[in-house]
Amino acid sequence: MDSLLQEISTGKYKKIIVMAGAGISTAAGIPDFRTPGTGLYSNLQRFNLPFPEAVFDLEYLRDNPEPFFMLASEMYPTHFEPTSFHDFIAWIAELGYLKRVYTQNIDTLERKAGIDPDLIVEAHGSFSGNHCIDCNAEAENAEVESIIINDKSIPRCKDCDGIVKPDIVFFGESLPDRFHQLMETDFDDVDLAIVAGTSLQVSPFNQLPMMVPKGIPRYLINKEKVGNLGSRKNDVLILGSLEDHNVVFSKFVKVDKKEESQSTSEIEESVSVSEGTSSVVDTAERTESESLSEKPDSEAKEKELTEDADYDGSDIESEDEDGDEDADERSGFITSLLKKLRVV
């Protein structure tokens, strides 16, 4: 794990695709779907559903919307904060190395972690928008959230009185066009793939790891081996509880950000000192210039000619050498700091 983080930190990989499932959000208090006993589908008996998946079935929603909206009121992103793994993905994005994160999660925690939405593909939709299931009219997010959470009610379309639901993909609905469009091109140019927190049981998301070109390293950070990960010689499997790995992510990302912050402060201090030195030099030059300008033109001219005739230039060479050494030292110092920040 440490070697992966170091390699990302030093810029070995600059076109990283992350494929994530519910397992990256369990540390936030959001249950996954399929874990026996603790998963979402194992704890829906209170809704008296004909089958667990009915809570996300479009036709069932039309006839019995109450179970879904009761569940939605508990699952709304307002109740949760990003995990260390979300922060890890956000850190990759801050470095400029995240090409895309494909997530099966509907919780929008990638967005809450500060990742640019353009870098996110919410393969199964999310709570980030709302539309009528009949006329497809869009509804204001804050208003829908208030109706679901505060009023414990079912939001209705203002145009046709149809049910308004969050833009979560239900059984019977197509995945977002964005998913299909980007998956066709993203994997043509990738240098590292990370798969995390997923059972890879849902199609077509479970096809994504196989789209990574052979020869490109694929890291699986997961509770167990899934899919065909581990079948290629450059696959790396890091198995175990993702929550345990979150400790590593958290410590590493915090340390790396702290180093960047310190480097930034050092650069700013160096620049400040340089600017201060320049100010002193400028003042000295202005004083000398003003002193000369106060003399009569003839006297100033005579002084210049005398200095030109008597001055052999020996101390210029000495001063230039000292100046070059100082400049080289400053340049090397600032360059090393900029390398820490990955600017050069």
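What comes next concerns the included structure.

What counts as what
Residues numbered from 1 in each chain as written. Predicted model: local features only at pLDDT ≥ 70, side-chain atom pairs only at ≥ 80, totals over all residues. Heavy atoms only, no water. Helix = DSSP H or I, 4+ residues; strand = E, 2+ residues; numbered from the N terminus. Buried < 20%, exposed > 50% of the residue type's maximum accessible area, 1.4 Å probe, protein only. Contact = heavy atoms within 4.5 Å. Areas by Shrake-Rupley, 256 points an atom, 1.4 Å probe, with all protein chains shown as cover. Pairing = 2+ DSSP bridges. Axes fitted to C-alpha atoms, helices over the stretch in contact; angles between N-to-C directions. Parallel < 35°, antiparallel > 145°, perpendicular 65-115°, else oblique. Nonpolar A, V, L, I, M, F, W, Y, C, P; charged D, E, K, R; others polar.

Looking now at the overall build of the protein chain. For the protein chain, the helix and strand inventory stands at 10 helices and eight strands. For the protein chain, the residues scored as buried account for 40% of the 344 residues in total. The long-range share in the protein chain, meaning contacts at least 24 apart out of those at least 6 apart in sequence, stands at 67%. Summed over its atoms, the accessible surface of the protein chain is roughly 18600 Å², and 48% of this surface lies on carbon and sulfur atoms.

For the rest of this paragraph, the subject is the sheet that holds strand β7 (residues 218–222). A sheet is described by the order of its strands in space; here six strands give the open sequence β3-β2-β1-β6-β7-β8, paired in parallel fashion. On the outer flanks of this sheet lie β3 (120–122) and β8 (235–239), each paired with one strand and no other. Averaged over all neighbouring strand pairs, the angle between strand axes comes to 15°, with direction disregarded. Of the pairings in the sheet, the one linking β7 to β8 comprises five bridges and is parallel in character. For Leu220, the partnering residue across the bridge sits in β8 and is Leu237. Lying over the sheet, helix α7 (residues 177–186) contacts β1 (16–20), β2 (98–103) and β3, oriented at roughly 135° with respect to β2.

The next thing to look at is the packing of helix α1 (residues 2–9) against helix α4 (residues 84–95). Where α1 contacts α4, the two axes come as close as 10 Å, and the packing angle between them is 25°. When the axes of α1 and α4 are compared, the pair comes out roughly parallel. Together, Leu5, Ile8 and Ser9 of α1 and Phe88, Trp91, Ile92 and Leu95 of α4 make up the contact between the two elements. Within the contact of α1 with α4, the residues separate by chemical class into six nonpolar, one polar and no charged.

Just geometry here; none of it tells us what the structure is for.
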